[in-house]
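Examining the three-dimensional arrangement
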Amino acid sequence: MKQLFLALSYCLLVTLNVQAQPPKIQNALLWKVSGKDMQKPSYLFGTFHLLTNAFTDTIPAVLQAYRQADKVIGELVLDETPQAPMMEAAMLQGTTLKELMPPPAYANAAKWFSTEAGIELSQLDKLNPMAIMTTAMAITQQKHFPNPSGAIQLDSWFQQSAKKDGKAVAGLEDVKVQIDALFKKISYQRQTELLAEMLSDGVQLQDSMRLMYNAYLAKDLQTLEALMYRGTYSPNEIKVLLDDRNNAWLKQLPGMMQKEALFIAVGALHLTGSTGMVEGLRKMGYTVTPVHF
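Residues numbered from 1 in each chain as written. Predicted model: local features only at pLDDT ≥ 70, side-chain atom pairs only at ≥ 80, totals over all residues. Heavy atoms only, no water.

1. Digging into the confidence of the model for the chain
Averaged over all residues, the pLDDT of the chain equals 86, while 89% of them reach at least 70. Mean pLDDT per element in the chain: helix H1 (residues 2–11) is the minimum at 45, and strand E3 (residues 71–74) is the maximum at 98. Low pLDDT, under 50, characterises residues 1–11; the stretch is placed with 36 contacts to residues that sit more than four places away or in other chains. (pLDDT = per-residue confidence, 0-100. Helix = DSSP H or I, 4+ residues; strand = E, 2+ residues; numbered from the N terminus. Contact = heavy atoms within 4.5 Å.)

Now the structure itself:
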């Protein structure tokens, strides 16, 4: 459950929303990166953090790209290390959820948890609103989009497989960066507003996750972008949660790709838009081409 919490926590970081119209990008989840001073090509794969290794049976081109890599790169290394600080950061300091939320919003959230999971929201009163959102996503995923028994979350599976296959594994950031973006740079008041919106009725979260699932499985980044651009996150929140992280990653990759063939697996929405990884690498002079499968 802790690993699922961690995966869903950074899933929140890549299912974001702004209000302008997004730039177009070709529909592809796998991209070949070549050119400049690279000795061998690297591959960039957009994952969906709620899927598992069962999905790999449908993506042989991605598995081939993984096999060609010397090293697997993720958003962060998904081992036991991040779990304790992430759980600690998820706890409220000096207040409770009931104190933070307006009574009508709290009542809606309480009804959602009672209906969907049969639990009292008071049991989660010490968690901050972002952590409650993560918990709601986990409940929805397990209830309405269950994965096969024993399946491994997709990002974790690539890293575990790499270790078994003797490939090095590295992260583009550490858990402190994700904690800062997810829990510290968005105020409790703003987190409360986002939670209230997510659980404003009984089906909104389920419908949103279904749309994301379907768009991803169709390899339809344009629809994922359209979903992303429909919501209420402010431009500054997008900068903190998405753009700043992309920029930090892009600074690291040239030195890494010069020496080794990389398989880079990050959330699919990190690939899209003018500040995404695909356009960022192109602006740096790399040739980035879609690999269809």
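2. Topic: the side chain of Arg-245
Locating Arg-245 in the fold gives a position in helix H12 (residues 235–259). The buried category is assigned to Arg-245, whose relative accessible area is 3%. A distance of 2.7 Å separates polar atoms of two side chains, one belonging to Arg-245 and the other to Glu-173. (Buried < 20%, exposed > 50% of the residue type's maximum accessible area, 1.4 Å probe, protein only. Polar contact = N/O pair within 3.5 Å; in protein donor to acceptor, adjacent residues only side chain to side chain.)

3. What to know about the pairing of strand E1 (residues 30–34)
In this sheet, strand E2 (residues 42–47) lies alongside E1 in antiparallel orientation, the contact comprising four bridges. From the neighbouring strand, Val-33 faces E2, where its bridge partner is Ser-42. Where E1 lies against strand E6 (residues 287–291), five bridges are found, and the strand directions are antiparallel. By the bridge assignment for E6, Lys-32 is matched with Thr-289. (Pairing = 2+ DSSP bridges.)

4. What to know about the pattern of salt bridges
Taken as a whole, this structure holds ten salt bridges when the rule is applied. Salt-bridge contacts for Lys-143 lead to Glu-116; the nearest nitrogen and oxygen are separated by 3.6 Å. Of this pair, Lys-143 sits in helix H6 (residues 129–144) while Glu-116 sits in helix H5 (residues 103–117), and the two are 27 residues apart along the sequence. Taking relative accessible area as the criterion, Glu-116 reaches 15% and is therefore assigned buried. Here Lys-185 ties to Asp-180 by a salt bridge, and the two come within 3.5 Å at their closest N and O atoms. Here Lys-185 falls in the partly exposed class, since its relative accessible area comes to 49%. Three or more residues are tied together by salt bridges with common partners; here these are Glu-75, Glu-173 and Arg-245. (Salt bridge = Lys/Arg side-chain N within 4 Å of Asp/Glu carboxyl O.)

5. Focus on H6
If you check H6, its first and last C-alpha atoms are 22 Å apart, about what 16 residues at 1.5 Å a residue would give, namely 22 Å. Of all 16 residues that make up H6, 13 are buried, and the element is covered over most of its length. (Expected span 1.5 Å × (residues − 1).)

6. Re the packing of aromatic side chains
Per the counting criterion, the structure on display carries eleven aromatic pairs. Relative to Phe-158, the ring of Phe-45 lies with its centre 5.9 Å away and its plane at 75 degrees, an arrangement referred to as edge-to-face. Remark: Phe-158 occurs in helix H7 (residues 154–164) and Phe-45 occurs in strand E2; sequence separation between them is 113 residues. Look at Phe-45 and you get buried, because its relative accessible area is 0%. Where Trp-157 meets Phe-158, the ring centres are 5.2 Å apart and the plane angle is 70 degrees; that geometry is what we call edge-to-face. Each residue in the set Phe-45, Tyr-66, Trp-157, Phe-158 and Phe-263 is aromatic and connected to the rest through ring pairs, giving one cluster. Lys-167 extends its terminal NZ or CZ atom over the ring of Tyr-66, reaching a point 5.2 Å from the ring centre. (Phe/Tyr/Trp six-rings, centres within 6.5 Å; stacked < 30°, edge-to-face > 60°. Lys NZ or Arg CZ within 6 Å of the ring centre and 35° of its normal.)

7. Let's talk about H12
Here H12 contains 25 residues, and its C-alpha end-to-end distance of 36 Å stays within 8% of the 36 Å for a straight helix at 1.5 Å per residue. In H12, a bend of some 35 degrees at Leu-241 exceeds every other bend along the element. (Bend = angle between axes of the 7 residues up to and from the residue.)

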